[in-house]
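Examining the three-dimensional arrangement
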Amino acid sequence: MYGKRHRMRLTTAITTGLEQATALDRPAARLRGLVERVPQGRTRDALHGVPIGHPLHPMLVQVPIGTWISASLLDVVPRTGIASGVLIAVGLGAAVPAAAAGALDWAQTHEQQQRVGLVHATCNIVGVGLYSASLIARLRRRPLRGRALALAGLATVSAGGLLGGHLAYRQAVGANHTEDVAHVVGDGSRWHSVGLLSAFVEGRPARRFLGETPLLVVRDGQRARVLADRCSHLSGPLSEGEVADGRVTCPWHGSVFALDDGEVVHGPATAPQPVFETRVVHGELQVRLPGAG
Ligand code: FES
């Protein structure tokens, strides 16, 4: 029991240490500079996962992880060397788009997340190198060396996977940061006032609060569009962003959302913004979030 608790503390100490490791900032900035050269557009949005509504990277990594684990399992079964080699080769091919999607997501995160992400990526790059060496050894008919290298690769990508879990579940990279809104804004069947419509300047984003939930309000003539103000990507304040052509651009990483329905126009965000119903009663702007409560 004591040993288990001790291991958990050690893991936390390592990940916390990485979050605070400012020495990683310089290489992270260099890599970020390279990643940010990828132009905005459909390919970039697709790699973020915009079309499927959540990050693509966790789906893509299933293939290399699955094939590589399978290869090591087959390595203990006699006369399956060719099958193991094929699995390793498939994993290496699948690692390319997985790494591209991960790198794009990583470049649009906070610095503590980038430090952990950099080590996560380094583990996986070393793992790819070990699996490549394993494949070469197998092609040169050195099966024992190939198996040993594959096991070393598996250990390395497992360490990378541990950090990937920390990024996703502790640091909430890729999570929907507006998921809680429907649970904290109260009864979705009741209307709530957010002030006089005349207090809002046409087309200029403003922040109001419904309880403790910040709202983005954009007046449009005699009506208004109201969205959750915290960006679904990493909680950036949309009310400090730019509004134009029926869209709002997050000031932190440039996600673009449609004001009409909150849908993601461009990533890195993948989850839509919650959109409130609005009405104006005697000059007062009222809102409610259908389904909330
Ligand atoms: S917080 Fe990252 S795009 Fe909004």
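So, here is what we can say about the structure in this document. This one's a predicted model, so the numbers in the text were calculated from it and none came from an experiment. (Residues numbered from 1 in each chain as written. Predicted model: local features only at pLDDT ≥ 70, side-chain atom pairs only at ≥ 80, totals over all residues. Heavy atoms only, no water.)

Turning our attention to the layout of surface pockets. Empty space within the second largest pocket amounts to approximately 260 Å³. Every residue along the wall of the second largest pocket is listed here: D75, G81, I82, G85, V86, L135, R138, L139, R141, R142, P143 and R147. Those elements that provide at least two residues to the lining of the second largest pocket are α6 (81-107), α7 (111-139) and α8 (143-170). Ranked by residues supplied to the lining of the second largest pocket, first place goes to α6 with 4 residues. For the lining of the second largest pocket, a count of residues per class yields 5 nonpolar, 2 polar and 5 charged. (1 Å grid on protein atoms, 1.4 Å probe; cavity = no way out; pocket = protein on both sides within 12 Å on 5 of 7 lines; lining within 4 Å. Points joined across faces, edges and corners; volume = space filled by probe spheres on them. Helix = DSSP H or I, 4+ residues; strand = E, 2+ residues; numbered from the N terminus. Nonpolar A, V, L, I, M, F, W, Y, C, P; charged D, E, K, R; others polar.)

A cluster of nonpolar side chains, namely V63, I82, V86 and V90, defines an oily patch on the protein surface of about 360 Å² accessible area. With 3 residues, the top contributor of residues to the nonpolar patch is α6. By secondary structure assignment, the location of V86 is in helix α6. Its relative accessible area of 47% is what places V86 among the partly exposed residues. (Patch = residues over 30% accessible without salt bridge, like charges linked within 9 Å, V, L, I, M, F, W, Y side chains within 5 Å. Areas by Shrake-Rupley, 256 points an atom, 1.4 Å probe, with all protein chains shown as cover. Salt bridge = Lys/Arg side-chain N within 4 Å of Asp/Glu carboxyl O. Buried < 20%, exposed > 50% of the residue type's maximum accessible area, 1.4 Å probe, protein only.)

These figures come from the coordinates and say nothing about function on their own.
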